[in-house]
Protein chains: 2
Amino acid sequence: MNCSVCGAPAQVEVRRRNQAFCAEHYRAWFVNETRRNIKRHRMIRPGDRILVAVSGGKDSLVLWDTLARLGHAATGFHIQLGIGDYSQRALEATRAFAAARGLELIVVDVRQSFGLTIPQLAQATGRAACSGCGLSKRYLMNRVAEEEGFNVVATGHNLDDEAATLLGNVSHWQLDALVRQGPMLEGREGLARRIKPLYTFTEREVAAYAFLAGIAYQHEECPHAEGAKSLLYKDVLGRLETRMPGTKQVFLEQYLKKVQPVLKEGLAEGEVELRRCERCGQVTTGAVCAHCKLWDRAYARAKKRRLLPEDRGFDPRPKVDRLKPANEA
Amino acid sequence: MNCSVCGAPAQVEVRRRNQAFCAEHYRAWFVNETRRNIKRHRMIRPGDRILVAVSGGKDSLVLWDTLARLGHAATGFHIQLGIGDYSQRALEATRAFAAARGLELIVVDVRQSFGLTIPQLAQATGRAACSGCGLSKRYLMNRVAEEEGFNVVATGHNLDDEAATLLGNVSHWQLDALVRQGPMLEGREGLARRIKPLYTFTEREVAAYAFLAGIAYQHEECPHAEGAKSLLYKDVLGRLETRMPGTKQVFLEQYLKKVQPVLKEGLAEGEVELRRCERCGQVTTGAVCAHCKLWDRAYARAKKRRLLPEDRGFDPRPKVDRLKPANEA
């Protein structure tokens, strides 16, 4: 098989498009598709300041790389979760990527900021690690964006991620999530715009780009991911895809195009009113936000078990470490 | 575990309801639930004449049994598909059931009526057997209902069937099917009302009723079912159910309750205009109905292969065999 552009031997086949590319033209195709995604949904607008959420895995590093190639200066934001060696290697991959390309990187260490790692938080609250982890990530992304002057948060979600989320939302008909899910969620006072420029690429396509662009990323799965529902949904979608190629893409795209507008229209209940959390000042719907409640609960239980000193109170302000690129430092 | 009603040792556990029953009270619960389903959706109304589609499998025989117990006189309708011994044993199970209970049964033999069995039809058209089979069943159910004076067609679809159909419709967002799917589809001129009184029972619950009520049914799967997409959807739903018990029920019920009304409202395009097929007189949207088109195509190809004599034209009138119960004959 030969490259659809130049006729040289192909290195990557994009089956759902009936195309194949050499390394150079695959990278060009990938970057160009990302540009089209951004344009189609007006993800990025003049004057935007972009924070890109970077775990150190392939999706987020590929996103950061692609944004840079498209001329969108974006500051990386990495959260050090404290999940043993896994988190340590993720931070190293992120730092190395930023340093090699002279990109600005912001790091928040959960334990240094709030006193407990994500596994300790899970232990203290008796809830699954993933639930506290997801909440902490959303909170920190939004808070750091606001305090550091970014109005857009970009994440590396790919087609497999988005289709799995959709299947999860559909299987129990989570209407609020179904209405909000999408490649671009408009910002509001105190809430950054959320964008997912890679949402049309399969996981395999993102991995191929990472490989051909020579991006060194963290390959390990999070040790807590085993048994996560998102993996079950991905497995189930993989079975449908094997039997009916194109299912993932049709499932997500047709939902966004044909069904979500009808649901939005039919379920319109006006925007939820937001206020500022009495404890931390971040936007929320109640008096105290879910993040403050979670950590207050965790502190109470951690003190009983003597994991934290009796006089330590929860301080919701993250310790932000802003690393300027070496050539500006 | 003991019966929730009488405290005797339980024979069946209905996990999703947290209930268990002895044989007698399980049958009573099952019949009563069916009554509630019928009432909730106004499936059956005074003066209705009911035709129950009976394959000879557990679902349809249980439905026929249950309708009789609820005092709804229903005539059985069996289609002899001509799928070898499988179809022969299905007809025998159906006949034996009707004879033992003195129920009226209508039988149409596809080959005797139209000249080819379902496998021969598939061979002649080069399409999967399931597609011609489904079309023939829908056509015959509706036509025989109209010509024999029935305004309601009841089918034995259970929760597993309906959830699998919903997943199929959702995975490719078949909006017309999504809007129509449900336990009761109102009749129109030339189209009988379609009802599915067992749509809330899992396959396992229907099988338990069949066992406890001593119903001898055809146990074999159709030999053409292997590889059917409906089985793939059932497999996938089974995986979600194992991990998250109750998923199938929530998936179907919440769809019907919360989502379908919004889609119906938002996609309202008025009823499709129906006319009578020029060839057979049955209602259809075009000039000639899909059933006549399929058989005309099959005849043309079957003649080329000398499966049918050159001068044989397709006659769309089914040969209806109406067997009165022995005690009335």
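Residues numbered from 1 in each chain as written. Chains lettered and ligands numbered in written order. Predicted model: local features only at pLDDT ≥ 70, side-chain atom pairs only at ≥ 80, totals over all residues. Heavy atoms only, no water.

### Comments concerning the overall build of chain A
- Helix and strand counts for chain A stand at 12 helices and 11 strands.
- Its C-alpha radius of gyration of 21 Å places chain A within 12% of the 20 Å reference for a compact globule of 329 residues.
- By principal-axis analysis of the C-alpha atoms, chain A measures approximately 70 × 55 × 40 Å.
- Considering chain A as a whole, with its 329 residues, one finds that 52% of them fall into the buried category.
- Separation between the mean location of the 50 positive side-chain charges and that of the 38 negative ones in chain A comes to 1 Å. (Helix = DSSP H or I, 4+ residues; strand = E, 2+ residues; numbered from the N terminus. Rg over C-alpha atoms; globule rule 2.2 N^0.38 Å. Buried < 20%, exposed > 50% of the residue type's maximum accessible area, 1.4 Å probe, protein only. Lys, Arg positive; Asp, Glu negative; His and termini not counted. Charge placed at Lys NZ, Arg CZ, Asp CG, Glu CD.)

### Observations regarding the nonpolar core
- Among the nonpolar cores identified, the biggest contains 130 residues, and Tyr26(A), Trp64(A), Trp173(A), Tyr26(B), Trp64(B) and Trp173(B) are the most heavily contacted of them.
- Apart from the residues lying within four places of it in its own chain, the contact partners of Tyr26(A) are Val12(A), Val14(A), Phe21(A), Glu205(A), Val206(A), Ala208(A), Tyr209(A) and Leu212(A).
- Of all hydrophobic cores here, the second largest spans 40 residues; its members include Ala53(B), Ile83(B), Cys222(B) and Ala225(B). (Core = buried A, V, L, I, M, F, W, Y, C linked by side-chain atoms within 4.5 Å. Contact = heavy atoms within 4.5 Å.)

### Focus: the side chain of Asp160(A)
- Considering the arrangement of structural elements, one finds Asp160(A) in helix α7 (residues 159-171).
- Residues within four places of Asp160(A) in sequence aside, it is in contact with Phe201(A), Thr202(A), Glu203(A), Lys234(A) and Lys248(A).

### Some remarks on the confidence of the model for chain A
- Confidence in the prediction for chain A averages 93 pLDDT; 98% of positions are at 70 or higher.
- Taken together, the chains of this predicted complex give a pTM of 0.91 and an interface ipTM of 0.88. (pLDDT = per-residue confidence, 0-100.)

### Observations concerning the UniProt feature "binding site: Zn(2+) 2" (unreviewed entry) in chain A
Residues and elements named next belong to chain A.
- According to UniProt, the "binding site: Zn(2+) 2" (unreviewed entry) feature falls on Cys277, Cys280, Cys289 and Cys292. These annotated residues cover 16 residues of sequence, and their C-alpha atoms all fall within 8.5 Å of one another, placing them together at a single site.
- On the secondary structure map, Cys289 appears in the loop between β10 (283-284) and α12 (290-304).
- Structurally, Cys292 is set in helix α12.
- Exposure remark for Cys292: the relative accessible area of 0% places this residue in the buried category.
- Apart from the residues lying within four places of it in its own chain, the contact partners of Cys292 are Cys277, Arg279, Cys280, Phe314 and Pro316. (UniProt positions renumbered as here; feature names shortened; annotations may be inferred.)

### Regarding the UniProt feature "domain: 2-thiouridine synthetase TtuA-like N-terminal LIM" (unreviewed entry) in chain A
- Feature annotation in UniProt assigns "domain: 2-thiouridine synthetase TtuA-like N-terminal LIM" (unreviewed entry) to the following positions: residues 2-27 of chain A.
- For the annotated span residues 2-27 of chain A, helix accounts for 19% and strand for 23% of the residues, and the straight-line distance between the end C-alpha atoms is 15 Å.

### Concerning the pairing of strand β3 (residues 50-53) of chain A
Residues and elements named next belong to chain A.
- Of the two faces of β3, the one holding Ile50 and Val52 and the one holding Leu51 and Ala53 are both buried throughout.
- Where β3 lies against strand β4 (residues 74-80), four bridges are found, and the strand directions are parallel. Bridge pairing in β4 places Val52 opposite Gly76.
- Between the parallel pair β3 and β4, the chain is carried across by helix α2 (residues 58-69), and the sense of this crossover is right-handed. (Pairing = 2+ DSSP bridges. Right-handed = clockwise from strand over helix to strand, strands pointing away.)

### Things to note about the relation of the copies chain A and chain B
- For the pair chain A and chain B, the superposition axis carries a translation of 0.0 Å, the fit reaches an RMSD of 0.0 Å, and the rotation angle comes to 180°. What the superposition gives is, in effect, a two-fold axis relating one chain to the other. For chain A, the minimum C-alpha distance to the rotation axis belongs to Val236(A) and amounts to 3.0 Å.
- Looking at the interface residues of chain A, 100% of them are also at the interface in chain B, so both copies use one shared face. (Least-squares fit on C-alpha atoms with pLDDT ≥ 70 in both.)

### Concerning the environment of Asp311(B)
Residue and element names in this part refer to chain B.
- The topology assignment puts Asp311 in the loop between α12 (290-304) and β11 (320-323).
- In this structure Asp311 comes out as exposed when scored by relative accessible area, which is 72%.
- Remark: the alpha-carbon pair of Asp311 and Pro197, spanning 114 residues in sequence, is separated by 45 Å.

### Considerations on the pattern of salt bridges
- By the definition in use, this model includes 44 salt bridges over all chains.
- Its salt-bridge partner being Lys196(B), residue Glu162(B) comes within 3.2 Å of it at the nearest N-O pair. With Glu162(B) in helix α7 (residues 159-171) and Lys196(B) in the loop between β8 (193-195) and α9 (203-212), this residue pair connects regions lying 34 residues apart in the sequence. There is no split in this pair, since Glu162(B) and Lys196(B) are both buried.
- Salt-bridge contacts for Arg317(B) lead to Asp315(B); the nearest nitrogen and oxygen are separated by 3.0 Å.
- Exposure remark for Arg317(B): the relative accessible area of 53% places this residue in the exposed category.
- Overall, the relative accessible area of 29% leaves Asp315(B) in the partly exposed class.
- By sharing partners, the salt bridges in this structure join Lys58(A), Asp59(A), Asp161(A), Glu203(A) and Lys234(A) into a single network. (Salt bridge = Lys/Arg side-chain N within 4 Å of Asp/Glu carboxyl O.)

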